[in-house]
Amino acid sequence: MKLNDIRMFIPSKDYEISQSFYQALGFTLSRASDDLSILEKDGVTCFLQRYYNKEFAENLMLQLVVEDIEAAYKVVSGIQVGSYDVKYSPIKQESWGKVIYLWGPSGELWHITELKP
């Protein structure tokens, strides 16, 4: 079996706020259906769905690997989405690289990482 890609379906408690959040992260949004959006940036694609399960959303962790953690931090720290309070950590140094923890509007946790070469 040869894999070409893997794509996740991200839940949204408030679909419009989640759409704004991911656009503020730099993703381009296109409509797949009334309940599903395609998020794309730099060839990376995932889905945002109009579906919410609190337990699932608050236990969902995703990793986004970036080339420049400082540039990613500028984007993350500049996000303003209506009344949504964006929660994120400072850049943390780990043995394997650097990471920013970013919580999405539905409770999903992003590990934005710059891996060591």
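I will try to describe carefully the structure that is included in this document.

Here is what the cut-offs are and how they apply
For every chain, the first residue of the written sequence is number 1, and numbering continues from 1 along that sequence. Side-chain atom pairs in this predicted model are given and counted only at pLDDT of 80 or more, local residue features only at pLDDT of at least 70, and totals for whole chains, interfaces and linings cover all residues. Processing note: side-chain calculations cover all non-hydrogen atoms of the structure and skip hydrogens and water entirely. In this text, helices come from DSSP runs of H or I with a minimum length of four residues, and strands from runs of E with a minimum of two, each type numbered from the N-terminal end. The size measure is the radius of gyration over C-alpha atoms, and the globule rule it meets is 2.2 Å times the number of residues to the 0.38 power. In what follows, residue pairs with any heavy atoms lying within 4.5 Å of each other are defined as contacts. Using the Shrake-Rupley algorithm and a 1.4 Å probe, accessible areas are obtained, with residue cover drawn only from the displayed protein chains. Charge counting treats Lys and Arg as positive and Asp and Glu as negative, with His and both chain ends excluded. Throughout, a charge is located at the NZ atom of Lys, the CZ atom of Arg, the CG atom of Asp or the CD atom of Glu. Only strands that DSSP links by at least two bridges are regarded as paired with each other. Residue types Ala, Val, Leu, Ile, Met, Phe, Trp, Tyr and Cys, when buried and joined through side-chain atoms within 4.5 Å, form a set referred to as a nonpolar core. Here's how the labels work: a residue is buried when its accessible area is under 20% of the maximum for its type, exposed when over 50%, partly exposed in between, all with a 1.4 Å probe on protein chains only. Angles run from 0 to 180 degrees between N-to-C directions of axes, and those axes are lines fitted to C-alpha atoms, restricted for helices to the stretch in contact.

Looking at the overall build of the protein
Okay, so step 1: On a plain count of helices and strands, the protein comes out with three helices and nine strands.
Okay, so step 2: Each helix (α) and strand (β) of the protein, taken in turn from the N terminus, gives the series β-α-β-β-β-α-β-α-β-β-β-β.
Okay, so step 3: Relative to the 2.2 N^0.38 estimate, which gives 13 Å for 117 residues, the radius of gyration of the protein is 14 Å and therefore close to what a compact globule would have.
Okay, so step 4: Taken over the C-alpha atoms alone, the protein extends approximately 45 × 40 × 25 Å along its principal axes.
Okay, so step 5: Taking the intrachain contacts of the protein between residues at least 6 apart in sequence as the baseline, contacts between residues at least 24 apart amount to 50%.
Okay, so step 6: When the accessible surface of the protein is split by element, carbon and sulfur atoms take 51% of a total near 7400 Å².
Okay, so step 7: Positive and negative side-chain charges in the protein, numbering 12 and 16 respectively, have mean positions lying 2 Å apart.

Notes on the pairing of strand 3 (residues 36–41)
Successive residues of a regular strand alternate their side chains across the two faces of the sheet.
Okay, so step 1: With five bridges joining them, strand 2 (residues 28–33) and strand 3 adopt antiparallel strand pairing. Pairing of Arg31 across the sheet is with Ser37, part of strand 3.
Okay, so step 2: Linking strand 2 back to strand 3 in an antiparallel pair, the connection comprises two residues.
Okay, so step 3: Pairing between strand 3 and strand 4 (residues 44–49): six bridges, direction antiparallel. Looking across to strand 4, one finds that Glu40 is bridged to Thr45.
Okay, so step 4: The turn joining strand 3 and strand 4, which pair antiparallel and follow one another in sequence, is formed by two residues; a positive phi near 55° is taken by Asp42.

Things to note about the nonpolar core
Okay, so step 1: Of all hydrophobic cores here, the largest spans 23 residues; its most connected members are Phe21, Tyr22, Leu25, Leu102, Trp110 and Ile112.
Okay, so step 2: Mapped onto this core, the elements with two or more residues apiece are helix 1 (15–24), strand 4, strand 5 (61–65), helix 3 (69–77), strand 8 (97–103) and strand 9 (109–115).
Okay, so step 3: Discounting residues that sit within four places of it in the chain, Phe21 has contacts with Ile79, Val81, Tyr84, Leu102, Trp103, Gly104 and Pro105.

Describing the sheet that holds strand 1 (residues 9–11)
Okay, so step 1: What the four strands build is an open sheet, ordered 1-4-3-2; its pairing is mixed. Looking at strand neighbours, the two that pair on one side only are strand 1 and strand 2, the edges of this open sheet. The mean angle between the axes of side-by-side strands here comes to 30°, regardless of whether they run parallel or antiparallel.
Okay, so step 2: With respect to the sheet, helix 1 is in contact with strand 1, strand 2, strand 3 and strand 4, its orientation differing from that of strand 4 by roughly 160°.

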